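Architecture and fold: a report
Each chain, written out:
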Amino acid sequence: QVQLVESGGGLVQPGGSLRLSCAASGFTFSAYPMTWYRQAPGKERELVATVTSTGFTINCADSVKGRFTISRDNAENTVYLQMNSLKPEDTAVYYCRVRILTTDYWGQGTQVTVSS
């Protein structure tokens, strides 16, 4: 079955960096675009960025452009989100998602808290 497992979240000071990982299994990872989303307390889930099956970034949110980088390693079945210059407003639970045919699969999320 499809499984997505995020890791790498934590508490970081403003201006700091984190790298999130999402390990995928149960499907042909290299064939599908992968997307990071986030959901802050009291807000709707929002798209952060998508990486195509071949590694191109598309659909990057304006709020993270120039600070966040999405990438993937098809040999390791893993998608990454490098987050630099973090701001308090980046505090959220971060999820990875894959859409296979008409079904969306999500990981359990990883908490990122940006605070001094």
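What this report covers is the structure whose coordinates are included nearby. (Residues numbered from 1 in each chain as written. Predicted model: local features only at pLDDT ≥ 70, side-chain atom pairs only at ≥ 80, totals over all residues. Heavy atoms only, no water.)

1. Some words on the state of the cysteines
- Counted by the stated rule, this structure contains 1 disulfide.
- In this model, Cys22 is linked to Cys96 through a disulfide, with the two sulfur atoms separated by 1.9 Å. Sign of the S-S torsion, about 55 degrees for the bond between Cys22 and Cys96, identifies this disulfide as right-handed. Remark: Cys96 occurs in strand 9 (residues 92-100) and Cys22 occurs in strand 3 (residues 18-25); sequence separation between them is 74 residues.
- Cys22 gets classed as buried once you look at its relative accessible area, which sits at 0%.
- By relative accessible area, which is 0% here, Cys96 ends up buried.
- Left without a disulfide partner, Cys60 is nearest to the cysteine sulfur of Cys96, which lies 16 Å away. (Disulfide = S-S within 2.5 Å. Helix = DSSP H or I, 4+ residues; strand = E, 2+ residues; numbered from the N terminus. Buried < 20%, exposed > 50% of the residue type's maximum accessible area, 1.4 Å probe, protein only.)

2. A look at the packing of aromatic side chains
- In this structure the tally under the stated criterion is 4 aromatic pairs.
- Relative to Tyr32, the ring of Phe27 lies with its centre 5.9 Å away and its plane at 70 degrees, an arrangement referred to as edge-to-face.
- Residue classification places Phe27 among the buried residues on the basis of a relative accessible area of 14%.
- The class for Tyr32 is partly exposed, based on a relative accessible area of 24%.
- On the basis of an interplanar angle of 90 degrees and a centroid distance of 6.3 Å, the ring pair of Tyr95 and Trp106 is categorised as edge-to-face. On the criterion of sequence distance, the pair formed by Tyr95 in strand 9 and Trp106 in strand 10 (residues 103-106) is long-range, its members being 11 residues apart.
- Judged by its relative accessible area of 33%, Trp106 falls in the partly exposed class.
- Joined through ring pairs, the aromatic side chains of Phe27, Phe29 and Tyr32 make up one cluster. (Phe/Tyr/Trp six-rings, centres within 6.5 Å; stacked < 30°, edge-to-face > 60°.)

3. Things to note about the side chain of Thr91
- Its place among the elements puts Thr91 in the loop between strand 8 (78-83) and strand 9.
- Thr91 sits in the buried class, given a relative accessible area of 19%.
- Polar contacts involving the side chain of Thr91 include one to the main-chain carbonyl oxygen of Pro88, which spans 2.9 Å.
- Setting aside anything within four residues of it in sequence, one finds Thr91 in contact with Ala40, Pro41, Gln111, Val112, Thr113 and Val114. (Polar contact = N/O pair within 3.5 Å; in protein donor to acceptor, adjacent residues only side chain to side chain. Contact = heavy atoms within 4.5 Å.)

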